[in-house]
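# Descriptive analysis of the structure
The lines below spell out each chain.
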Amino acid sequence: MTDRVLILDDEPDFVAYVQRVAEDLGHDAHGTTRALEFKRAFDQFHPSLVVLDMVVPEMDGFELSRWLAQQGFAGRLLLVTGYTPHYATGARAIAQAHGLDDVRTLKKPVRLNDLKSALSEPPA
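Just so we're clear, the structure is a prediction, and the values are computed from it rather than from any experiment.

### Thoughts on the sheet that holds strand β3 (residues 49-53)
- In space, the five strands of this open sheet follow the order β2-β1-β3-β4-β5, with parallel pairing throughout. Two strands in the sheet have a free side with no partner beyond their single neighbour: β2 (28-32) and β5 (103-107). The sheet shows a mean angle of 15° between the axes of neighbouring strands, direction not considered.
- Summarising the sheet, β3 and strand β4 (residues 76-81) pair through five bridges and their orientation is parallel. Bridge assignment links valine 50 to a residue of β4, and that residue is leucine 77.
- Of the strands in this sheet, β1 (4-8), β3 and β4 touch helix α3 (residues 61-70), which is tilted by about 160° from β3.

Conventions used here
- Residues numbered from 1 in each chain as written.
- Predicted model: local features only at pLDDT ≥ 70, side-chain atom pairs only at ≥ 80, totals over all residues.
- Heavy atoms only, no water.
- Pairing = 2+ DSSP bridges.
- Helix = DSSP H or I, 4+ residues; strand = E, 2+ residues; numbered from the N terminus.
- Axes fitted to C-alpha atoms, helices over the stretch in contact; angles between N-to-C directions.
- Contact = heavy atoms within 4.5 Å.

Next comes the structure, spelled out in structure tokens:
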């Protein structure tokens with residue numbers, strides 16, 4: 001099944017990296033570096049997988065996780081952070097508390113094989 005992958009990260013190179021890997025795996029992918037553009041793209045793109053950096057300008061990943069839950073997002077959420085693994089664990093717990101069931105985490109820098117695995121995993 002082809003996923004529709006929506007990526008938000010404030011580092012354009014990371015967005016391009018994830019988008020390229022997702023497309024190489026056969027997924028449709030769209031990326032942005034701005035939270036407000038992410039929200040508009042979410043409504044138009046209807047992703048089945050969201051790759052979300054926890055620290056971006058305008059809104060953080062906690063706020064955006066809550067917003068995704070309010071939109072009724074039922075797809076996979078992949079939280080990415082350059083902070084300690086405890087930060088990612090806490091972010092996952094908060095996202096799940098808001099009703100997002102399929103939440104996974106990756107720590108930056110993200111190795112290619114780890115990214116491919118995360119983008120290819122079936123829904124929980």
